[in-house]
Amino acid sequence: MRFAVSLLMFICVASIIGTVLQQNQPDLTYTDQFGMYWYAVFSKFGVAQVYNTWWFLLIMTFLVVSTSICLIRNAPKMFKDMRSFREYIREGSLRAFPHRIDIQTGLTSAASLARVRGWLKKEGYAVKEKTDASGTLLAAKKGSANRLGYIFAHSAIVIVCIGGLLDSELPNRLQIWLGSKQPIPDTARYVSDVPDAARFSPGNPSFRGNVSIAEGNSSNTGILALSGGQYLQMLPFDIKLNKFIIEYYETNGTPKRFASEVTITDRQPAR
């Protein structure tokens, strides 16, 4: 638990750095801002691309695996315990409890049961009754829903870490690291020249790419910049640039707004 919390704190600090420091900028931008010495230090740890570094992805993967194992091992027990009243416990076991009290009362058994049952329900306890030859046992409990906090908190960690892995384009990088994908060769001048090894399918679960389209033209491919190379991402839709708009300030003529009118056409119509 302490190790997992330490990793979470480390992830938080790294995320703060990635939020404060603008990511994926040219090297010249960082050398101008921090100087050559600090840029050399930062580059060793990939601070300029903190969400895509191997150590960040490794920590996120470890948290997903370890936290998922905790959920798989403990959640079923917790759900079972939430439904259980332990009404079949023996009298001898009850007397062995460190926190117990024995009370003698002049009330009848029925009156005592009614009074105890009423007090427990008034205090918000769920009550289950079991009667056998030795007497009547009232099993009461409350706060079972508190165990959901453990389940929700750990599930949230898993979901957030999976989202971080997808945002870091881990599926793409794994294919590159495993050698199934190669960068677009320098000899490729047209989309038709790009080999299959440099293409990602339209079913790619996550990617960040750029599309360059001239006004009036359309495209269904994007360019991904990964691990120092460029790859072709096949898009599941066609995007057409109808019009590119530039608005200027009247006072000095500098650009005020850039806008694009586009048409998105789904290549797989709804069934």
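Being a predicted model, the structure only gives us computed values, none of them experimental.

Draft legend 1. Here's a closer look at the packing of aromatic side chains. For the coordinates displayed, the defined rule picks out eight aromatic pairs. Put simply, the rings of Phe10, Tyr51, Trp55 and Phe56 touch in pairs and so form one group of aromatic residues. Sitting above the plane of the Phe85 ring, Lys141 keeps its charged end 4.7 Å from the centroid. One cation-aromatic arrangement involves Lys181 over Phe200; the distance from NZ or CZ to the ring centre is 5.4 Å.

Draft legend 2. Representation of the nonpolar core. Grouped together as the largest cluster of nonpolar side chains are 19 residues, with contacts concentrated most on Ile11, Trp55, Phe56, Ile59, Met60, Leu63 and Leu165. Of all the secondary structure elements, the ones that give two or more residues to this core are helix H1 (2–20), helix H3 (54–83) and helix H6 (147–167). Among the elements that take part in this core, H3 stands out by supplying 10 residues, more than any other. Aside from chain neighbours lying at most four places away, what touches Ile59 is Leu7, Phe10 and Ile11. Residues Ile184, Ala188, Val194 and Ala198 belong to the second largest nonpolar core, which totals six residues.

Draft legend 3. Region of interest: the layout of surface pockets. When its volume is computed, the largest pocket comes out at roughly 2,000 Å³. Looking at the largest pocket, it is lined by 42 residues, and the ones nearest its centre are Leu94, Ile101, Thr136, Leu137 and Leu138. At the level of elements, helix H4 (91–95), helix H5 (109–122), strand E1 (126–132) and strand E2 (135–141) are the ones that each hand at least two residues to the lining of the largest pocket. Split into classes, the residues belonging to the lining of the largest pocket amount to 17 nonpolar, 12 polar and 13 charged. Its boundaries defined by the atoms lining it, the second largest pocket holds a volume of some 600 Å³. Around the second largest pocket, the lining is made up of 26 residues, and of these Asn24, Gln49, Asn52, Arg173 and Ala225 lie nearest the centre. At the level of secondary structure, the elements contributing two or more residues to the lining of the second largest pocket comprise helix H2 (27–44), H3, helix H7 (170–177) and strand E4 (218–226). Per element, the largest residue contribution to the lining of the second largest pocket is four residues, and it comes from E4. Of the residues in the lining of the second largest pocket, the class split is nine nonpolar, 12 polar and five charged.

Draft legend 4. A look at H7. Among the residues of H7, those classed as buried are Leu170, Asn172, Arg173 and Ile176. Seen from one end, H7 has its buried residues packed into an arc of 155°, which puts them on one side. For H7, the elements touching its buried residues are H3, H6, strand E3 (199–200), E4 and strand E5 (229–248). At the exit of H7 stands Gly179, carrying a positive phi of roughly 90°.

About the cut-offs
- Residues numbered from 1 in each chain as written.
- Predicted model: local features only at pLDDT ≥ 70, side-chain atom pairs only at ≥ 80, totals over all residues.
- Heavy atoms only, no water.
- Phe/Tyr/Trp six-rings, centres within 6.5 Å; stacked < 30°, edge-to-face > 60°.
- Lys NZ or Arg CZ within 6 Å of the ring centre and 35° of its normal.
- Core = buried A, V, L, I, M, F, W, Y, C linked by side-chain atoms within 4.5 Å.
- Buried < 20%, exposed > 50% of the residue type's maximum accessible area, 1.4 Å probe, protein only.
- Helix = DSSP H or I, 4+ residues; strand = E, 2+ residues; numbered from the N terminus.
- Contact = heavy atoms within 4.5 Å.
- 1 Å grid on protein atoms, 1.4 Å probe; cavity = no way out; pocket = protein on both sides within 12 Å on 5 of 7 lines; lining within 4 Å.
- Points joined across faces, edges and corners; volume = space filled by probe spheres on them.
- Nonpolar A, V, L, I, M, F, W, Y, C, P; charged D, E, K, R; others polar.
- Arc of directions from axis to C-beta.

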